[in-house]
Structures are given as structure tokens and as C-alpha cells.
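Topology and contacts: notes
These are the residues of each chain, in order.
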Amino acid sequence: MKTLKNIGLIICFIGFTIFTASIFTGTNKVSQETFDSWASQKVKSEFFIEKAQKEIVGKELSAYQLSSKIKNIAKASNEHYKSQKEIAWDKIIWLKWNKTSKDFIFPLARASATGWVSQNQGLFFWLTFGLAIIGGLIAFGADYKLLGPAGIKNNGIFQHSATNRGIIGIGAFAFFVIFYVLLYFFPNYLINPILSVNPIKNWMNGNESDQWFLYGFMYCSVMTVFAVRMFIKYRHNNYQILRTAVVLFFQIAFAFIIPEILVAFNKPWFDFKNAWPLNYTFFFDYNLNNLIDSGNLGIFMLVWGIILTLIIVPVMVYFYGKRWYCSWVCGCGGLAETLGDPYRQLSSKSLFSWKIERWLIHGVLVFATFMTVLTLYTYFAEIESWKELAFGISAYDIQSSYGFLIGSIFSGVIGTGFYPILGNRVWCRFGCPLAAYMGLVQRFKSRFRITTNGGQCISCGNCSTYCEQGIDVRAYAQKGENIVRSSCVGCGVCSAVCPRGVLKLENGPEDGRINPTEVLLGNDVDLLKLMNEK
Amino acid sequence: MEHIVIIGNGISGVTAARHIRKLSDKKITIISSETEHFFSRTALMYVYMGHMKFENTKPYEDWFWDKNRIALKKALVKSIDSNNKQLLLSNDERFSYDKLIIATGSKPNKFGWPGQDLKGVIGMYHKQDLENLEKYAPNNKECKRAVIVGGGLIGIELAEMLHSRNVPVTFLVREDSFWNGVLPQEESEMINKEIIDNHIDLRLGVNLKEIKADASGKVKSIVIAETGEEIECNVVGLTAGVSPNINFVKDSAIETNRGVLVNRFLETNTKDVYAIGDCAEQKVAIDQRRPIEAVWYTGRMMGETLAQTICGKKTAYKPGHWFNSAKFIDIEYQTYGWVWAKPRENEARFFWQHKDGKKAIHVNFDKNTREFIGINTFGIRMRHEFFDKVLTEKKEVEYVLKNLANANFDPEFYKQHEQEIISKFNKENNTSIKAEKKSWSLIFNRS
């Protein structure tokens, strides 16, 4: 079995290696036709077009060469026009490190890819995704025997390099961070990986794959493989099995398949479960216009999105706690609960972290709300979003800084990239504005709590250790007090790892939900009365 | 300001300190030679198994003690001079107190076996035992086999620990079935099976004769008394129970027996000296309880109670209904009320076991009055509050069975077995109980 597991790991590793190595191979050959159609959409500078025509068209270039040539020519073009007496501002090419590559260079690089991968996309898919998925399934499947009889088997977690910030963990951290940086800001270097999923995109709605389709497909396959790991690891625990199955279903159906089908029918790409303010672009002018222009379905989407945030989310949190979303429906939560599960013990449980958490997450909620209010104001006041509102800042500036700082850096690069260092819920714990919103409801008006079972706690600390949200569960349990915390996402793992059956996630009457105690159940009845009722 | 000195930073001493602080402004010092900070002894096993780091076993962050003005002193107490209200420490320092709380816990039993102090012979109680285990049994190359002597809770935990690192284990149990002095036969057999299913070499009804050393003074093998069989091993775990850790009290004026003798107020015979937790021995046992209770929960309760007395509200130690819990490898165990290993005269029993052999309940009740006396539950979690209330209100066994759904504390979506349990009960008792539906108002009714 051990050998089988190693074979699986090797196969998986080969898939990943090919996937990663492909970034450094492959060439681009820009045809005249491709160049013309790209240039006509993106550039007004004749200087640029003339120079690029000579240096780029028809030449075989690596992704790096192509990108740096475009950047250099654009810079030269800008200098050229800026040195003129009267500056033709429309001919200046706007260059910014986090935008130029993905918005300007990527479309050309994507359209001009040549080489072995672009001609053998199907085979390449099997060599990368195919091997990684099959290998991963074999490796985790072997755990069915290797872990021994069903039960909590966290053996060796803190002694293994991958799960205790060792060299493998740091390697994974670097891999995730670099991947996210490329994905968000430099997709022009991910052309071959993007091509690997092109046949699937073609099959689904006839379009060409881009970096977001690659991400979506990776997301679903990683979640599937790690969901299998969860099914095996927690095969004695129906809560975990059901929760994992449901969150996987929502990811694949609602975040991946349905939006692609919508696009196939010329409808807007829409994720029905993605609620504002996590879905921070929902109230952006382009999105509102797009939905309004998309007929009845578009209007339905608009109304649905508003009802989801204003009614469904708080009502569901009242009855079931925010877990209904965070660990049963949400895509970010889904990844955290599958790919992130091996890292859950790394979240900090200190009071200090809790303080940081409260400032950050509520700060993001305020930021998101402020941005949205401003956006809606400009929308209804019919002010162009790029127009200055005050202090030289426009609504667009605020939107794009939110998108960059929160949407990309915080939720992606840090939120997922830092799994192997800070635990698997970095984004959900410190950043997600929707989690902050639901947290407020959960803390002050909800039927959900984690019940502490009388005086049975032995302060062992398994619950706190395995709380991905960094809640010091034990601090409550050892006092005989229920756990009512805004950040709890109801993953149920504290209850699962408890060796004495002390914790139970449940929904019940609000009365007595928060029950601070002085003396625990099991002691002298008179003393209990005296201490707890004063 | 009155200076309260507590010897021992385990659950009893720390609970006492915390509650004294809540109730008063007294000066508090906790002395321990084991560790600087309080940790959960019951969690030591998880450190070896890699479920946790030692850091994670500390219930309070390190700043907690300063913030609550609880002074921590790392020292070993050699003796107590109660006439001068002073402690003599191992570095010959004299340390004064106004009130003294002895909360030094237990130490593993050793019964004078030849070789019991060899290198590689360990207990599983102190942090130092964990360090020794890490030294002598880091993996199955260094430790080709370990032998555990003594079939109690610590024994099975040590077996699970070693098993988690794939160290082959032979488990010597004196009784003819695991822990059957406490567990009824059905449960005991269930745990025997759990041990064997985990590939642990369980030997029932055998005693240790001697531990043999190799040339360097390390454990080489053990010999079984009954059969004379010699088993080669590198580590021997002695887990034949614990006894109060009170050698340093013996020469003082404080009266001791097996433990430090205390009255209902946890006072010793000496003024201003108290004892709580594993090391305290009740002069007259309380109800059905043993005079020495080496259990986490009772230590905590004594700490809660004594703090009242120390802070001027003299309170007797009157523990409520008995409860306890443990985990036998993958099988969780809880008990509420009393289920003796053998039924008493007035008692009748009801036992149900799931067909997979990993879940069971055993209910004890009065034959004549039908009053519920206690329950053992395995693999099914139950609500402490429910049983505490049932015991206080002296409900009948039928009431308990009818309301099992309210007692259930398993995670959501777990398979429930109430119907099956009740129909078995009905068949055996010629009753016709029907399961009541789960009722939140009953579960959460706190009146």
C-alpha cells in the first residue's frame, strides 16, 4: 500500500512538473492577421504599430521575448509622443505593472501561441491534469488502508515537513504564491497551461480558454481530488462527508458548469451562489448594465443577487449559522476545506491574532461597503466612474484599488498562497467581507452554537489546534461554555477531533445560547447555583 | 496580603489559583518542577503522536499568568515546615506561605519488579516521560518492540501512541479481560477486540516477572511470570496505575495515608494546609466514590471548591453525579452515574451493542423501583446535562430510554440507533416504550 501511495505521488508529481515546465517552453508566432485584429482593438499609436510590425510579426519568439518587446516598443512609443509639442494623449499606451501584461500583452500572446502544445492540446491535457489527477487519486486512495480503521488519524501531522511549515510546506507556499501572481498579473506566461484546458472550453461553449477558465478547471479538479481525501479521512463522520460533497457540488455546478453554459447561450457569466460583498463587482456599473441588457434572465440575476445578500444570507445565518455558506456552499470555503484541510492546524490561536483578525475583516467590510455605496451613487447620479469625486480620486480608482488589494492580493495571493504558512482560512478569517457580514449576524442573532457538553472537557486542545479559523475553542469548552463566535464557519472538525465527545454543532433556541459559567456541571449543585446565577 | 502557595501546576492547582484570583486579590504563587507553564496532561499522548505540538497542550497563553498576577516558580519542594509556614526547596531556599495547597498529583506505580529502573523503562505521566519516550522509541527502527505492563487507561493510550509510529506493541494485562475491574464484561470484551484489531499483541491474565538489561544497562527483554516466556523489546512502559505523589509530605506534621488525608473541606490535619486533586485522600469516601480519585474532573472540582473556602466562604467538597470519559483507540467512552463491573443485588442491566462492534450502551437501573442508576456509552456521544438532570430527578429507566434522542450528542447527520435500542429493551423487559421525538425545549430547559 505504501508503494502504491508513492507511485501515486510520483505520477502526480510528474503531471505537475510537466505543467510547470511547460511555462518555460512553447513559442509565439504572431501572424499578420492576428496582429492586425489585436492592434486595431488595443493600440492607437502608429509609431507602435509600425515598429511592432517589423519586430514581432512573423517572428518566432518565446513568451518572455514577445512580452518584453511589446513593453519596450510601447515605452519607446510613449516617449516618442510625449516629446511632441502637442501630446496626442489617445496615442499614449497606459503602462502599469499589474495591468499591462494581462490586459495588453496576454490577448496577443494567447492568440499567437505555436509549438507542440498548441498542436497536441488533448494529449497535453492528459500529461498534466490527467497525470496529476490520477496520481493524486491513487495516493489518497491508498490512505484507505494506510490510515488504519476509520477514526481520527492525525498521526505525524506536526512531524511532517509538508504540514508543519517544513521545507515541503515552504515549497508549496512558494508554488502557490508564484502561481497566483502569474494568474492575476502575468497570464501571458501561462499560455501552455491555458492551452491544456482549451479542448474542454471548446467542447463546453465553443470559446477559447483563458486564464480564468484554467483557474476554474484547476479549482474544480483540485477540490475533487482533495474531496476524495476528505471522504476517506472522515469516512466515519457523516457531517464531514455530506458537507464536503455539497460544497464540491456547488463549486462544480454553480461556479463552473452553469456559468459556462450561460455563456454558450450568449448570456452573462453568472455565479448564482456568489453573494455581495464577496462578489464585489456585482454593483459595478458594467455589471449592472450587462445584466440589465441581458433580457429577463439578466433582470432575474440582478434581483436574485440583491435578494441573496439582503434576505437569503441573513435568514439562513439566523437558522443555521454562517456555516451554511462558508463550509457548505462557498467556493473559497470549498477550496479551504479540501486543498486546505492538511494545513488547518497552522492557524494562529493567539489573542493577538484575534485582534488583528477583527480589525482586518471588518475593515474590509467597511471598504467594500464604502466602495459599493460610492459606485451606486455615481451610477444613479449618472456620473462617469472615472470622474474625480474628491481629492483627485474617482469611483474607478477606488474600485480598482479594491480589486487589486483585496480581490487579487488578499483573497488570492495571500488568501490561498499562504495556506501552508498561516493555515487554510487566511482569506475567510482575515479578509472576506461576506464572512464579516454573516459573522455579525451569527454573533448577535442566530440559533447556531457549538454546544459544550457539561463538564466533560479535559482541556487537551485538539479542538483549538484543528480550528482553521484560529478560534481558541478550548478556552470556552474548558469553562463549560458554548462557543458563539462570529468567525466560526461550522466546519465541524473541532467536534470530530474531540476525544471526549464534548462539542456539538447545533441549531436551537436563542435563549441560553450564550452561557458563561463559573463552575462546571458535575460539581456541587449548590455551588453551581451560587456561582452561575449571581 | 495573604500569600497562597500552591504546589503543583496541574488542573487542580491551576483551577484553585484561577478561582482564588476571581474571588480575591490575594498573592498567589504556583510552584512546579515539571514545567514552567500549565499544560494538559491528558494531551501529552497527542504530542508524541504528532497531532499537536507541546505548545498546543497549554490551555492558557504565557501572558495569562502575569496578567492575572499568578506568580509561577519553577522549583522542587523537598519538605514542608508547617510550624514556621515554610517550604524547603531543593536548592535549600526557604519559601514562606500563609496558606498552602498541595496539588502534586500522582506518580506511576512501580511494584518492585527487577529491572524497573533500567534505561528504556518509562511511565506515561510526566512531561519528562514524553521526552524519554521520544528518546527510546522515536520510531520502529530504534525500538523494535515495546512492552506495556498494566491494563488501564494510560496503558491503552501508550499502546495507541506507539502504534501510531508503527512500533510493535505487546500489552500485558493482569486481569483476564481489559479493565474489567471497572467495565462490565461486555464492554471489556469490546475493547479487547479494539486492541487486537489494531494489531496490538494483547496478553490477558499475565504478570511481569522481570525486565532484563543488555550490557549497556538498557532494556533487552522482559519475562512473563506465568509462562516464563521472554519477549525481546527496547522499551517497557509501566502503566500499572498511579498513586499520590506525596513523598515530600511524609516527614512533615501533615497526616497522610496513601494520599494526603483531608476532610470534606479539603483541609488537612494541619492548619492552613489543604490538599486537592489526585494527591488528596478523603478520610471518609464520599457516597460511592473512592477516597482517592485520580480523575481530571474531580481535580478541577476540588480546585473550584477550595477557592471558595480560601476566600472566606467555607464550602464542603460535594461533587455531583459521577461522570467520566475516555477514548479507547477509536472508541469513545462516556459514563454518567454508576455502572459497576458486576451488578449489585438491587440492579438490573440493559445492554445493546451495534452489529459493527464499535458502539454500545449499558444501562444500570434498580430492579424494583426502575430508577435509573447509570449508563456506559461507547461510540455514541451523550449529553452530560441530560443525565445529570435525570439522576437528580431520579427518573425511571423507561424515561431515559424514551428520551434517548434528547440525550444524543453525536454530530449532525450521524445514524441514530434509538429505535433499535428501544425495541431491544422492550423485548427484554416486556415493555412497550415508544421513542419520543427530539425536543429542544426539553434539552435546553435549564430550570
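From a predicted model like this one, the values you see are computed outputs, not experimental measurements.

Next up on the list: the overall build of chain B. Summing up its helical and strand segments, chain B has 12 helices and 25 strands in all. Along the longest, intermediate and shortest principal axes, the C-alpha atoms of chain B span 70 × 60 × 40 Å. A total of 447 residues make up chain B; the buried ones form 47% of that total. Nonlocal contacts in chain B, meaning residues at least 24 apart in sequence, comprise 61% of its contacts between residues at least 6 apart.

Take the interface of chain A and chain B next. If you look at the interface, chain A gives 47 residues, while chain B gives 45 residues. Taken together, the elements giving at least two residues each to the side of chain A that touches chain B come down to helix H12 (238-264), helix H22 (462-465), strand S7 (503-507) and helix H25 (525-532) of chain A. Residues that form the side of chain A that touches chain B fall into these classes: 16 nonpolar, 26 polar and five charged.

This next bit is on the sheet that holds strand S12 (residues 201-204) of chain B. Residues and elements named next belong to chain B. Strand order in this open sheet of five strands is S9-S16-S10-S11-S12, and the pairing throughout is parallel. Taken across any chain shown, the strands that pair with only one partner, and hence form the sheet edges, are strand S9 (121-122) and S12. Here strand S11 (residues 169-173) pairs with S12 via four bridges, running parallel. Note that in S12 the partner of Val173 across the bridge is Leu204.

This next bit is on the packing of helix H1 (residues 2-21) of chain A against helix H7 (residues 121-146) of chain A. All names here are of chain A. At a minimum axis distance of 7 Å, the contact between H1 and H7 shows a crossing angle of 160°. By the angle between their directions, the pair H1 and H7 is classed as roughly antiparallel. Remark: the crossing between H1 and H7 carries left-handed chirality. Grouping the amino acids of the contact of H1 with H7 by side-chain chemistry returns 18 nonpolar, six polar and two charged.

With that settled, consider the domain arrangement of chain B. Residues and elements named next belong to chain B. By domain assignment, chain B separates into domain 1 (3-107 + 243-310), domain 2 (121-240) and domain 3 (323-444). Each partner contributes residues to the interface: domain 1 has nine residues there, and domain 2 has nine residues. Mapped by element, the contributors of at least two residues to the side of domain 1 that touches domain 2 are helix H2 (44-49) and strand S8 (106-108). When grouped by side-chain class, the residues that make up the side of domain 1 that touches domain 2 number five nonpolar, two polar and two charged.

Ranked by internal contacts, the top residues of the largest apolar core, which has 249 residues, are Cys494(A), Ile101(B), Ile102(B), Ala146(B), Val236(B) and Ile276(B). Of all the elements, helix H11 (residues 211-233) of chain A adds the most residues to this core, at 11 residues. Excluding residues that lie within four positions of it along the chain, Ala146(B) makes contacts with Ala137(B), Leu162(B), Val167(B), Val169(B), Cys233(B), Asn234(B), Val235(B) and Gly237(B). In this structure, Leu520(A), Leu521(A), Leu527(A) and Leu528(A) belong to the second largest nonpolar core, which totals five residues.

What follows concerns helix H8 (residues 167-185) of chain A. Residues and elements named next belong to chain A. In this model H8 runs 27 Å from its N-terminal to its C-terminal C-alpha over 19 residues, within 8% of the 27 Å that 1.5 Å per residue would give. Among the residues making up H8, those that are buried are Gly169, Ala172, Phe179, Tyr180, Leu183, Tyr184 and Phe185. Tucked into the core, H8 has its buried residues touching helix H5 (100-111), H11, helix H18 (395-414) and helix H19 (419-422).

Bringing the sheet that holds strand S4 (residues 77-81) of chain B into the picture now. Residue and element names in this part refer to chain B. One open sheet accounts for three strands, arranged S4-S5-S6; its pairing is antiparallel. Only two strands of the sheet have a single partner each, and these edge strands are S4 and strand S6 (94-96). Between one strand axis and the next, the sheet turns through 25° on average, direction left out of account. Relative to S6, strand S5 (residues 86-89) runs antiparallel, the two being bridged by three bridges. Bridged to Gln86 within S6 is Ser96.

The next thing to look at is the domain arrangement of chain A. What the domain assignment lists for chain A is domain 1 (27-114) and domain 2 (445-532). Between domain 1 of chain A and domain 2 of chain A, the C-alpha centre-to-centre distance is 61 Å.

This part is about the environment of Met218(A). Residues and elements named next belong to chain A. Relative to the assigned elements, Met218 resides in helix H11. Residue class for Met218 comes out partly exposed when judged on the 18 C-beta atoms lying within 10 Å of it. Along the backbone, Met218 and Gly461 are 243 residues apart, and their C-alpha atoms lie at a distance of 35 Å.

Our next topic: the confidence of the model for chain B. Put simply, chain B has an average pLDDT of 96, and 99% of its residues get 70 or more. ipTM for the predicted complex: 0.95, alongside a pTM of 0.94.

Let's shift gears to the pairing of strand S7 (residues 99-102) of chain B. All names here are of chain B. Where strand S1 (residues 3-7) and S7 come together, four bridges link them in parallel fashion. Note on S7: the bridge partner recorded for Ile7 is Ile102. The pairing of S7 with strand S19 (residues 273-275) spans three bridges and is classified as parallel. Its bridge partner being in S19, Ile101 is matched across the sheet by Tyr274.

Analysis parameters
The numbering scheme is per chain: residues are counted from 1 as the chain's sequence reads. Naming scheme: in the order in which they are written, chains are lettered from A and ligands are numbered from 1. Side-chain atom pairs in this predicted model are given and counted only at pLDDT of 80 or more, local residue features only at pLDDT of at least 70, and totals for whole chains, interfaces and linings cover all residues. We count a stretch as a helix when DSSP gives it H or I for four or more residues in a row; a strand needs E for two or more, and each element gets its number in order from the N terminus. Three exposure classes are used. Buried residues have 20 or more other C-beta atoms within 10 Å of their own C-beta, exposed residues have 12 or fewer, and partly exposed residues fall in between, all C-beta atoms being placed from the backbone. Whether two residues are in contact depends on their C-beta atoms, placed from the backbone: they are in contact if these lie within 7 Å. When residues are sorted by character, Ala, Val, Leu, Ile, Met, Phe, Trp, Tyr, Cys and Pro go into the nonpolar class, Asp, Glu, Lys and Arg into the charged class, and all the rest, Gly among them, into the polar class. Any two strands between which DSSP finds at least two bridges are classified as paired. Between the N-to-C directions of two axes lies an angle of 0 to 180 degrees, each axis being a line fitted to C-alpha atoms and, for a helix, fitted only over the stretch in contact. Put simply, angles under 35 degrees are roughly parallel, angles over 145 are roughly antiparallel, angles from 65 to 115 are roughly perpendicular, and the rest are oblique. Note: crossing handedness is left-handed where the near helix turns anticlockwise from the far helix by less than a right angle, and right-handed where it turns clockwise. Residue ranges labeled as domains rest on an automatic or database domain assignment. To form a nonpolar core, buried Ala, Val, Leu, Ile, Met, Phe, Trp, Tyr and Cys residues must be joined through C-beta atoms within 7 Å. By definition here, a helix of n residues has an expected span of 1.5 Å times n minus one. The pLDDT value expresses, per residue, how confident the predictor is, ranging between 0 and 100.

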